[in-house]
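Tertiary structure, described
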Amino acid sequence: MNKSLSIKLSEIASLVGGKIFGNVDVSINSVARIDDANKGDLTFLYLPAFEKYMQSTGASAILVKPDFKKTRDDISYIEVDSPEKAFAAVIVKYFSPKFELIGIDETSFVHHSSTLGKNVALGRNVVIGANCKIGDNVKIFHNTVLLENVDVGDNSIFFQNVSIREYCKIGKRVIIYPGAVIGADGFGYQKDENGVYHKVPQIGNVVLEDDVEIGANSTIDRAALGSTIIGKGSKIDNLVQIAHNVSLGNNTIMSAQSGISGSVKVGNNSIIAGQVGVSGHLEIGDNVILIAQSGVSKSITKPGIYFGSPAKEFKTAKILEAHFRNFPEYVERIKKLEAEIKSLKEEISKKKT
């Protein structure tokens, strides 16, 4: 993101067809999430769940719907019918990332103790973009790509065919296994009035904290804004999908073929077993265990073991599962009881006549 920009609020309002309330002379330097915005940032608000950040946000301006109650006079507002679409238009116009693949850029730093794949000088196997910083004893194997402004901590290992995109940050002692992709664009699109989907540029990054391991062919998407975060000591199995703006706590484990939708927050010391699916914008607390093939459609903040789709506390889920298995027998018993009741009613009716 080009943070050296200075954009007049009136120019933004003209771009999105909005009406300004407040200081029209505000200059915008960047864009951010409402809970992460600072002075000079433009943000947006379209879901009620994010209104709780309205009093604490440091944003200079915010895109809101026309009926939004404006409770702060130190923020400028732009009224638009669709804040999320207007925000996307601003990103497309001013903040879309630009980069190109190269060999090893002259502005990059690689510590002398680090080991790179063969043919590095020709850039055939390893690509290191501008301003990358690679610390002590990092090992990078063949066909690995690091794009611009990637920071890599000490003693990390990237195996074959790993891709790490621009602005991502990798901690110390991180291991990324073959085929993993860190920082691909999040699945962000806006549908217009004709039903056509338009891409929303994903201009955040991914942060892998210290002692994280990422399994083969797993994918962790960059944030739309801010960071997708994998906390210290967390371990990700093979074939896992983590969407944009997910925050995974410390020492949390995800098993193969699990997937987490966008903007989910997962706590510390939790376990997400194989083939678990988690819907977007939910919260999973600390010390939560999700048993394999569970589907999470509501937030889970109480520690414990959960199972099923939708996921329930394990004790309740076991009882329900036992009943589900007995459904055929229940149906036959109900049919039999209905027939007996019908017969009794007919006998009573005959006696009355």
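Residues numbered from 1 in each chain as written. Predicted model: local features only at pLDDT ≥ 70, side-chain atom pairs only at ≥ 80, totals over all residues. Heavy atoms only, no water.

Quick notes on the packing of aromatic side chains
Quick reminder of the rule: Only Phe, Tyr and Trp rings take part, Trp by its six-membered ring, and two of them pair if their centres are within 6.5 Å. Stacked means planes under 30 degrees apart, edge-to-face means over 60, and tilted covers everything else. Elements are defined by DSSP. Helices are runs of H or I of four residues or more, strands are runs of E of two residues or more, and each kind is numbered from the N terminus. Burial status follows relative accessibility: with a 1.4 Å probe on protein chains alone, a residue under 20% of its type maximum counts as buried, one over 50% as exposed, and anything between as partly exposed.
In total, this model carries ten aromatic pairs according to the counting rule given. The interplanar angle of 5° and the centroid separation of 5.1 Å between the aromatic rings of F141 and F159 together place this pair among those described as stacked. Of this pair, F141 sits in the loop between β11 (139-140) and β12 (145-146) while F159 sits in the loop between β14 (157-158) and β15 (163-164), and the two are 18 residues apart along the sequence. Taking the relative accessible area as the measure of exposure, F141 reaches 28% and is therefore partly exposed. Three or more aromatic residues link up through ring pairs in this structure, and these residues are F44, Y46 and F87.

So, helix α2 (residues 83-95)
For an α-helix, 3.6 residues make a turn, and residues three or four places apart therefore share a direction. As a reminder of what qualifies: By this rule, a helix spans an expected 1.5 Å times one less than how many residues it contains. Should any heavy atoms of two residues lie within 4.5 Å, those residues are counted as being in contact.
The end-to-end C-alpha distance of α2, which contains 13 residues, comes to 17 Å, matching closely the 18 Å that a straight helix rising 1.5 Å per residue would cover. Close packing links the buried residues of α2 with β1 (7-8), α1 (9-16), β4 (30-31), β5 (41-44), β6 (61-64) and β19 (189-191).

Let's talk about the packing of α1 against α2
A packed helix pair is summarised by two numbers, namely the angle formed by the two axes and the spacing between the axes. Using the following cut-off: Angular values range over 0 to 180 degrees, each being the angle between N-to-C directions of two axes fitted as lines to C-alpha atoms, with helices fitted over their stretch in contact. Every angle not falling under 35 degrees, over 145, or within 65 to 115 is termed oblique; those three ranges are roughly parallel, roughly antiparallel and roughly perpendicular. Definitions for this section: a left-handed crossing has its near helix turned counterclockwise from the far helix by less than a right angle. A right-handed crossing has that turn clockwise.
The interhelical angle for the contact between α1 and α2, taken along N-to-C directions, is 115°, at an axis separation of 10 Å. What the angle tells us is that α1 and α2 run roughly perpendicular. Considering the relative orientation of α1 and α2, their crossing is right-handed. Two secondary-structure elements touch here, α1 through E11, I12, L15 and V16 and α2 through A86, A89, V90, K93 and Y94.

Regarding unusual backbone geometry
Cis geometry marks the peptide bond from S309 to P310; its omega dihedral reads 5°. With respect to the helices and strands, P310 occurs in the loop between β36 (304-307) and β37 (312-313). Positive phi is not limited to glycine here, since N131 has a value of about 65°. On the secondary structure map, N131 appears in the loop between β9 (127-128) and β10 (133-134). One non-glycine residue, Q293, adopts positive backbone phi at about 65°. Examined against the element boundaries, Q293 turns out to sit in the loop between β34 (288-290) and β35 (295-296). Accessibility expressed as a relative area gives 55% for Q293, which makes it exposed.

Description of the sheet that holds β36
Spelled out, the test is: Two strands qualify as a pair provided DSSP detects at least 2 bridges between them.
With mixed pairing, ten strands are arranged side by side in an open sheet as β11-β14-β17-β22-β25-β28-β31-β34-β36-β37. Either end of the sheet is taken by a strand with one partner, and the two such strands are β11 and β37.

Things to note about the layout of surface pockets
Condition: Cavities and pockets are found on a 1 Å grid laid over the protein atoms alone: a cavity is a set of points where a 1.4 Å probe fits but cannot escape, a pocket is an open set with protein on both sides within 12 Å along at least five of seven lines, and a lining residue has an atom within 4 Å of such a point. Grid points are joined across faces, edges and corners, and a volume is the space filled by probe spheres set on the points. Gly is placed with the polar residues, together with every amino acid not listed as nonpolar (Ala, Val, Leu, Ile, Met, Phe, Trp, Tyr, Cys and Pro) or charged (Asp, Glu, Lys and Arg).
What the largest pocket holds in volume is close to 1000 Å³. Lining the largest pocket are 36 residues, and of these R33, F50, N245, S263 and H281 lie nearest its centre. Of all the elements in the fold, those that place two or more residues in the lining of the largest pocket are β5, α2, β19 and β24 (227-230). Per-element accounting of the lining of the largest pocket gives the leading share, four residues, to α2. Grouping the amino acids of the lining of the largest pocket by side-chain chemistry returns 19 nonpolar, eleven polar and six charged.

Take it as geometry only, folks, not as evidence of what the structure does.
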